[in-house]
Amino acid sequence: MLKTKDPAVYKLIKEEEKRQEEVLEMIPSENYASKEVMEALGTMLTNKYSEGYPKKRYYQGNKIVDEIEIIAEERAQKLFGVPYANIQPYSGSPANSAVFLALLEPLKDKIMGLSLAFGGHLTHGSPVSFSGKYFKTVPYTLGKDGMLDYGQIEKLALKEKPKIIICGFTAYPRVIDFKKFGEIADKVGSYLLADISHITGLVVAGAHPSPVPYVHIVMTTTHKTLRGPRGAMLMVTEKGIKKDPDLPSKIDKAVFPGLQGGPHDNQTAAIAVALGEAAKPSFKAYGNQIVKNSRKLAEELLKYDFNLVSGGSDNHLLLIDLSNKQVNGAIAAFALEVAGIVVNKNAVPEDPMPPFYPSGIRLGTPAITTRGMKEKEMVKIAKWFNEAISEVKNYRLPQAKEERAEFWKKFKKETAKNKKLLLIAKEVKALTKKFPIK
Ligand SMILES: Cc1ncc(COP(=O)(O)O)c(C=O)c1O
């Protein structure tokens, strides 16, 4: 028993469980995996080595693991309507890396993805990530209205002729027109990769259009709206196979032996369980409720004069520019956490502030929807949110960088004791008790 054999780690795990139970987890990339998913993760599959693919392994003793991986592949194929799936990527970043390794010549070929500063992911070509260091990159941005500007994207793609175009984002609150992206990629002759990590559960539920008819490759993490373990999957569509019949084998080879060694078999089993759960009718209702909650939250926050990037939300997340409230995103995120509302600070388009002190915050509804919260609770959350931000409106982040550390120390000390914020945290705790994590 961990409790007696390693009480130090056990105690911290229990504290973290309590924290997750007593707060509103509103980081849009997070969720609560089901007990069954976690049960599969904590099994003796952890012990196995299975380099290779089902029925083509480099190690003995893989008969059962083969069956598990085949179940996971088949469930993914059926759920997303694709002819090929690879379940082995350790997580989303290595999965994207595997696509680049499969298709690009380093320092020569171009990736075109949404700029990190506008809501793209690090691995979509950011200069601080390997994707931007080892490949040429052509970032696109959003329009002035905070929406994807397909005309601008097409112009840039035709000019730069990237080998891969990426659609699918980290901080974009609206519906993605995968059909338009497909038309652009076809005109240019590029591979089109849909990174649906954030919206995958919505796609499965029919709450967001699927990219499958329009793109060549789909990458998704499994731990966000899909409610699985940490992990990722790479899928090739019919359209992808038509463009390049070798695409599945190129991707297989890039994942193993190109980038990874043995797959995490406990993770594969947990992904299979999550895919089984996502195929149930109740998941459809879940995915649609995520969007209803996000829309309601947006509607309520607009009443308090919050400036939502793009003006609202059509998916699971909201991006809020706090400049009109004169509250920095880092300050807001800290105060909200004291109040029991956990979000992340986030850059907004054309943000004049650095990424560590950005002007905005990003929040979403997947995890609170997993707990069973609905529109009624969103009204309460918006009210608490507004009250919490008001509590810190008099704190101004110093312009001078050298004054920031001292300011931050004082701000944190005072805010951690703020009576109003602690009162909200108590109310949040009472609400979470009514919605236990299942
Ligand atoms: C769109 C997108 N792609 C890829 C990733 C990377 O996933 P991971 O953190 O599992 O490497 C993320 C993570 O947030 C993401 O939002």
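Rules used in this analysis
Residues numbered from 1 in each chain as written. Predicted model: local features only at pLDDT ≥ 70, side-chain atom pairs only at ≥ 80, totals over all residues. Near = placed C-beta within 6 Å. Helix = DSSP H or I, 4+ residues; strand = E, 2+ residues; numbered from the N terminus. Nonpolar A, V, L, I, M, F, W, Y, C, P; charged D, E, K, R; others polar. Core = buried A, V, L, I, M, F, W, Y, C linked by C-beta atoms within 7 Å. Buried ≥ 20, exposed ≤ 12 C-beta atoms within 10 Å, placed from the backbone. Domains from an automatic or database assignment. Contact = placed C-beta atoms within 7 Å. Expected span 1.5 Å × (residues − 1). Pairing = 2+ DSSP bridges. Axes fitted to C-alpha atoms, helices over the stretch in contact; angles between N-to-C directions. Right-handed = clockwise from strand over helix to strand, strands pointing away. Parallel < 35°, antiparallel > 145°, perpendicular 65-115°, else oblique. Left-handed = near helix turned anticlockwise from the far one by under 90°.

(A) The arrangement of the site of the ligand in detail. Residues in contact with the ligand amount to 14 residues; listed here are only the nearest, S91, G92, S93, T170 and S197. If you tally residues by element for the shell around the ligand, the top one is helix α5 (residues 92–103), at three residues. The residue makeup of the shell around the ligand, split by class, is one nonpolar, twelve polar and one charged.

(B) Region of the structure containing unusual backbone geometry. Put simply, F256 and P257 share a cis peptide bond, and its omega is 10 degrees. Of note, D305 is a non-glycine position whose phi angle comes to about 65 degrees, a positive value. With respect to the helices and strands, D305 occurs in the loop between α13 (281–303) and β11 (307–308).

(C) Region of interest: the nonpolar core. With 127 residues, the main nonpolar core has A335 and A339 as its most contacted residues. Split by domain, the residues of this core number at least three in each of domain 1 (42–278) and domain 2 (288–434). Those residues within four positions of A335 in sequence are excluded, and the remaining contacts are A388, I389, E391, V392, T415 and L421.

(D) Region of the structure containing helix α16 (residues 375–391). In this model, α16 (17 residues) spans 25 Å end to end at C-alpha, consistent with the 24 Å of a helix rising 1.5 Å per residue. All buried positions along α16 are accounted for by E377, M378, I381, A382, W384, F385, A388 and I389. Next to the buried residues of α16 lie β1 (24–25), α13, α14 (329–338), β13 (341–342) and α18 (419–434).

(E) Structural view of the sheet that holds strand β4 (residues 84–86). Spatially, β4-β10-β9-β8-β7-β5-β6 is the arrangement adopted by the seven strands of the open sheet, whose pairing is mixed. Both outer strands of the open sheet, β4 and β6 (136–137), are each paired with one neighbouring strand and no more. Alignment of strand β5 (residues 110–112) against strand β7 (residues 164–167), held across two bridges, turns out to be parallel. Its bridge partner being in β7, M112 is matched across the sheet by I165. Each of β7 and β8 (191–195) is contacted by helix α8 (residues 178–188), which is oriented at about 170 degrees to β7, the strand it contacts most. The strands that helix α11 (residues 247–259) touches are β4 and β10 (232–236); relative to β10, the one it contacts most, it runs at about 155 degrees.

(F) Structural context of the pairing of β7. Alternating positions in β7 separate into two faces, I164 and I166 on one and I165 and C167 on the other, with burial throughout. One ladder, built from four bridges, connects β7 with β8; its direction is parallel. Paired with I165 across the bridge in β8 is L192. Each parallel crossover has a hand, and the one from β7 via α8 to β8 is right-handed.

(G) Spotlight on the packing of α14 against helix α17 (residues 401–416). The contact between α14 and α17 brings their axes to 10 Å, and the two run at 25 degrees. In this view, α14 runs roughly parallel relative to α17, as classed from their interaxial angle. Between α14 and α17 lies a crossing whose hand is right-handed. Seen from α14, the contacting residues are I331, F334, A335 and V338; seen from α17, they are F411, K412, T415 and A416. Across the contact of α14 with α17, the residue classes break down as six nonpolar, one polar and one charged.

(H) Summary view of the domain arrangement of the protein. Each assigned domain of the protein is listed with its residue range as follows: domain 1 (42–278) and domain 2 (288–434). Relative placement of domain 1 and domain 2: their C-alpha centres are 30 Å apart. Every contact between the two is made by 20 residues of domain 1 and, on the other side, 19 residues of domain 2. Looking at the side of domain 1 that touches domain 2 residue by residue, the classes come out as eleven nonpolar, five polar and four charged.

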